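Below, each chain spelled out in residue letters.
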Amino acid sequence: MNKTVTLTYEGKQIELPVVTGSEGEEAIDISRLRAETGLITLDPGYVNTGSCLSAITFMNGEKGILRYRGIPVEQLAEHSSFKETAYLLINGHLPNRDELTQFSVMLNDHSLVHTDMKAFYQNYPRASHPMGILSSMVNALRSFYPALDTEEQIDIAMTRLLAKVRTMAAMSYKISRGHELVLPRPDLTFCENFLNMMFDTPVTPYEIKREVVNALRVFWILHADHEQNCSTSSVRMVGSARVNLYAAISSGIAALWGPLHGGANQAVIEMLTEIQTGGGGYKKAIERAKDKKDPFRLMGFGHRVYKTYDPRAKIMKKTCDELLESLRLEDPLLDVAKKLEETALSDQYFIDHNLYPNVDFYSGIVLRAIGIPTNMFTVMFALGRLPGWIAQWKESKDDPNWKIARPRQIYNGETEYAYVPIHAR
Ligand code: SDX
């Protein structure tokens, strides 16, 4: 049955179609609104606005559901490799054995970075944030690999990006420390390779531990996609101008850098450290978070969509406990985080505002246990989100109804008045 809504305005009525998704979500299709009424909608932050139809990720914020191409994230975190999840997001189905083998070969074949890029890193200002470096370097890939005209070239570019960005991130870390680069190895898995490229040195060969590789695999799967969040919407918006894949992904990296978005995982650790080192304790942090006069926010808490516990945060917390136990590591920040969570979840303000831990609340403690430096936490988020960005860019590129994104506005500035010569001002 075709549902509609009726809009009555200044004595006129129009019927607008209601679009229903495969999970029963409903939206008013306002494509004809301005042509038939002269009205547009106004929705700061797009809180109530859908930008597209998408078959990639389904979230239900009230029930805490997250599925990639229909598969619950809990099952992927339990059983899937990160490579399989990346393939699933981009291609719409889990790979069979041959498809996975071919994907692995292509990832290995494209995992080296052009030697000329090393100079870019070496001449980048030393104090630069790794997210700024990553966004620049991903954009620079277009200069090395300009072939993006045919579907086959684009397919290769998508796999190339997955393979190279992981190497570029490790390369950035090694160069920042003045260490020799470690090249990717075809005998290692995707996650093992990253860890080895990051931490292997001629003096102390890196010991690849199963529990560390597993924690990284889960971390990246949990971050792999999240429908139309700020950075993914940036990739789609920039991509809608038919710019190349690298530039579109570079815009997503820039958006993810923000402390309200992917930068929150770094901000959480900074917040927990401040609380732990005498910043007034976790009770003071809770009071500050509730004080409207105080700009302080409880980082890692709250979400635009989830109005219950972020399903990824549950898995991240479990992974955190298991990793620290298996490595026999004590992290005082974990105790602070758990006390903060316990206090917040029983505080009326947090209950009334539906504020729960999100994916960033425990993820930083997992990354610390792996040995990732704090200023690379958001880079780790970007590496995980890359297959999601690529899948979303591809879906919008292939959408026959897609057009360049160009929102409207309501102007509330000066009404017309004449130019005033300088002597009369
Ligand atoms: C990510 O969108 C995605 O899917 C993102 C992400 C992904 O995978 O791509 O999930 C990744 O970005 C997770 C979020 C990481 N950011 C943080 O942890 C930063 C702290 N969180 C907040 O800044 C906030 O909760 C946001 C940004 C996450 C969501 O903000 P919204 O939806 O715009 O909500 P809001 O700012 O309008 O807040 C609503 C109310 C306000 O109070 P009132 O004025 O209504 O009384 O809730 C309060 C806010 O003050 N509030 C908080 C709070 N978050 C919201 N108060 C204290 N601490 C917080 N963390």
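Thresholds, definitions, all that
- Residues numbered from 1 in each chain as written.
- Predicted model: local features only at pLDDT ≥ 70, side-chain atom pairs only at ≥ 80, totals over all residues.
- Heavy atoms only, no water.
- Near = heavy atom within 4 Å.
- Polar contact = N/O pair within 3.5 Å; in protein donor to acceptor, adjacent residues only side chain to side chain.
- Areas by Shrake-Rupley, 256 points an atom, 1.4 Å probe, with all protein chains shown as cover.
- Nonpolar A, V, L, I, M, F, W, Y, C, P; charged D, E, K, R; others polar.
- Helix = DSSP H or I, 4+ residues; strand = E, 2+ residues; numbered from the N terminus.
- Expected span 1.5 Å × (residues − 1).
- Bend = angle between axes of the 7 residues up to and from the residue.
- Buried < 20%, exposed > 50% of the residue type's maximum accessible area, 1.4 Å probe, protein only.
- Salt bridge = Lys/Arg side-chain N within 4 Å of Asp/Glu carboxyl O.
- Domains from an automatic or database assignment.
- Contact = heavy atoms within 4.5 Å.
- Buried area = accessible area lost by both parts, 1.4 Å probe.
- Axes fitted to C-alpha atoms, helices over the stretch in contact; angles between N-to-C directions.
- Parallel < 35°, antiparallel > 145°, perpendicular 65-115°, else oblique.
- Left-handed = near helix turned anticlockwise from the far one by under 90°.
- Pairing = 2+ DSSP bridges.
- Phe/Tyr/Trp six-rings, centres within 6.5 Å; stacked < 30°, edge-to-face > 60°.

Student: Please explain the site of the ligand as it appears in this structure.
Tutor: Residues in contact with the ligand amount to 23 residues; listed here are only the nearest, His 226, His 303, Arg 304, Arg 312 and Arg 385. Contact distances for the ligand include 2.9 Å between an oxygen atom and a side-chain N or O atom of Arg 297. The contact in question runs from an oxygen atom of the ligand to an N or O atom on the side chain of Asn 358, over 3.0 Å. When the free accessible area of the ligand is taken as 1,100 Å², the share hidden by the protein chains comes to 76%. Grouping the amino acids of the shell around the ligand by side-chain chemistry returns nine nonpolar, eight polar and six charged.

Student: I would appreciate a short explanation of helix α18 (residues 377-398) in the present structure.
Tutor: Every α-helical turn comprises 3.6 residues, leaving residues that sit three or four positions apart pointing alike. Here α18 contains 22 residues, and its C-alpha end-to-end distance of 32 Å stays within 8% of the 32 Å for a straight helix at 1.5 Å per residue. Where α18 bends most, at Arg 385, the angle is about 45 degrees, and the proline Pro 387 comes one to four residues later. Across the 22 residues of α18, 20 count as buried, placing the element largely inside the fold.

Student: I'm lost on the pattern of salt bridges in this one. Help?
Tutor: Two side chains carrying opposite charge are able to pair once their charged atoms lie near each other. One pass over the full model with this rule turns up 17 salt bridges. One salt bridge in this structure joins Lys 290 and Asp 347, with 2.7 Å as the shortest N-O distance. Here the residue Lys 290 occupies a position in helix α13 (residues 281-290), and Asp 347 occupies one in the loop between α15 (332-345) and α16 (348-352), the gap between them amounting to 57 residues. It is possible to trace a salt-bridge network through shared partners that takes in Glu 151, Lys 394, Lys 397 and Asp 398.

Student: Explain the domain arrangement of the protein chain to me, please; I cannot follow it from the model alone.
Tutor: For interface size, the figure often reported is the accessible area lost on association. Domain assignment breaks the protein chain into domain 1 (4-50) and domain 2 (51-399). Computed from C-alpha atoms alone, the centre-to-centre distance between domain 1 and domain 2 is 35 Å. Counting residues at the interface gives seven residues for domain 1, matched by seven residues for domain 2. Between domain 1 and domain 2 the total buried area reaches about 500 Å² when both faces are included, carbon and sulfur atoms providing 54% of it. One can count one salt bridge joining domain 1 with domain 2. Seen at the junction of domain 1 and domain 2, the total is two residue pairs in polar contact (both at pLDDT 80 or more). Each residue belonging to the side of domain 1 that touches domain 2 can be placed in one class, and the counts come to two nonpolar, three polar and two charged.

Student: Just checking my understanding: could you explain the packing of helix α3 (residues 82-91) against α18 for this structure?
Tutor: The axes of two packed helices give the description: the angle between them and the distance between them. Taken N-terminus to C-terminus, the directions of α3 and α18 make an angle of 20 degrees; their axes are 8 Å apart at the nearest point. Our classification of the angle between α3 and α18 gives roughly parallel. Between α3 and α18 the crossing geometry is right-handed. Of the residues in α18, those in contact with Phe 82, Ala 86, Leu 89 and Ile 90 of α3 are Leu 383, Gly 384, Pro 387, Gly 388, Ile 390, Ala 391 and Lys 394. Classifying every residue of the contact of α3 with α18 by side-chain character gives eight nonpolar, two polar and one charged.

Student: Please clarify how the pairing of strand β1 (residues 4-9) should be interpreted in this entry.
Tutor: Here six bridges tie β1 to strand β2 (residues 12-20), and the two strands are oriented antiparallel to one another. The residue bridging Tyr 9 from the neighbouring strand is Lys 12, located in β2. Counted along the chain from β1 to the antiparallel partner β2, the turn is two residues long, and its residue Glu 10 has a positive phi close to 50 degrees.

Student: Even after reading the chapter, I still don't get the packing of aromatic side chains, so can you show me in this structure?
Tutor: The geometry of an aromatic ring pair is captured by two quantities: the separation of the ring centres and the angle between the planes. All chains considered together, the criterion is met by 13 aromatic pairs. Measuring from ring centre to ring centre gives 5.9 Å for Phe 190 and Trp 220, while their planes differ by 70 degrees; the resulting arrangement is edge-to-face. A residue pair is termed long-range when its members are at least 10 positions apart, and Phe 190 in helix α8 (residues 190-199) and Trp 220 in helix α9 (residues 210-222) qualify at 30 residues. Here Phe 190 matches Trp 220 in class, with each residue buried.

Student: Sorry, what's going on with the packing of helix α4 (residues 97-109) against helix α7 (residues 151-176) here?
Tutor: One way to put it is that α4 packs onto α7 with a least axis distance of 8 Å and a crossing angle of 65 degrees. Between α4 and α7, the angle falls in the class roughly perpendicular. Taken as a pair, α4 and α7 cross one another with a handedness that is right-handed. Each of Phe 103, Met 106 and Leu 107 in α4 lies in contact with α7, whose residues at this interface are Ile 156, Thr 159, Leu 162 and Ala 163. In the contact of α4 with α7, the residues fall into six nonpolar, one polar and no charged.

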